[in-house]
Amino acid sequence: MPAAYRCIVCGRSIPEGQGVIVRRGGLTLTFHSRRCAYRFYKLLFERVSLECVETQSKELVKELETRLKSRESVKKI
């Protein structure tokens, strides 16, 4: 693992143990902050065709709504 990465959005250096690093397969995305990660994913979402994300987005929304409902149903003492 390199001592420091660079943010792919703003170019800032990311010290080891900090920032947001997303790995999937052979792809590694590095961001110095959640704000840069948000900017990247917003651009990606706007550029990818709707057909590519529509089904997965709907399934993910249902899953997250189910999680929220189960949290709400747990009583706090």
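Definitions and cut-offs
Residues numbered from 1 in each chain as written. Predicted model: local features only at pLDDT ≥ 70, side-chain atom pairs only at ≥ 80, totals over all residues. Heavy atoms only, no water. Helix = DSSP H or I, 4+ residues; strand = E, 2+ residues; numbered from the N terminus. Rg over C-alpha atoms; globule rule 2.2 N^0.38 Å. Areas by Shrake-Rupley, 256 points an atom, 1.4 Å probe, with all protein chains shown as cover. Phe/Tyr/Trp six-rings, centres within 6.5 Å; stacked < 30°, edge-to-face > 60°. Buried < 20%, exposed > 50% of the residue type's maximum accessible area, 1.4 Å probe, protein only. Salt bridge = Lys/Arg side-chain N within 4 Å of Asp/Glu carboxyl O.

*Asks:* Tell me about the overall build of the protein, and name the residues and values.
*Replies:* Assigned secondary structure in the protein consists of two helices and four strands. Relative to the globule expectation of 11 Å for 77 residues, the C-alpha radius of gyration of the protein, 17 Å, shows a markedly less compact shape. Judged by the C-alpha coordinates and their principal axes, the protein covers about 45 × 40 × 25 Å. A total accessible area of about 7000 Å² is found for the protein, and carbon and sulfur atoms account for 55% of it.

*Asks:* Lay out the packing of aromatic side chains in plain terms, naming residues and giving numbers.
*Replies:* The relation between two aromatic rings is expressed through the spacing of the ring centres and the mutual angle of the planes. The tally for this structure, following the rule as stated, stands at three aromatic pairs. Ring centres 6.0 Å apart and planes at 50 degrees place the aromatic pair Phe31 and Tyr41 in the tilted group. With a gap of 10 residues between them, Phe31 in strand E4 (residues 27-31) and Tyr41 in helix H1 (residues 34-47) connect regions that are remote in the sequence. By relative accessible area, Tyr41 is classed as partly exposed at 34%. Each ring, one from Phe40 and one from Tyr41, has its centre 5.2 Å from the other, and the planes form 85 degrees; the classification is edge-to-face. Look at Phe40 and you get partly exposed, because its relative accessible area is 24%. By the ring-pair criterion, three or more aromatic residues cluster together here, those being Phe31, Phe40 and Tyr41.

*Asks:* Report on the pattern of salt bridges, specifying residues and quantitative values.
*Replies:* Under the criterion given, the structure shown has two salt bridges. Put simply, Lys58 and Glu54 hold a salt bridge, and the shortest N to O gap is 3.7 Å. Here Lys58 and its partner Glu54 are both found in helix H2 (residues 50-73), four residues apart, which amounts to about one turn of the helix. The class for Glu54 is partly exposed, based on a relative accessible area of 36%. Where Glu63 meets Arg67, a salt bridge forms, and the shortest distance between an N and an O atom there is 2.7 Å. Here Arg67 and Glu63 lie together in helix H2, a separation of four residues that amounts to about one turn. Residue classification places Arg67 among the partly exposed residues on the basis of a relative accessible area of 45%.

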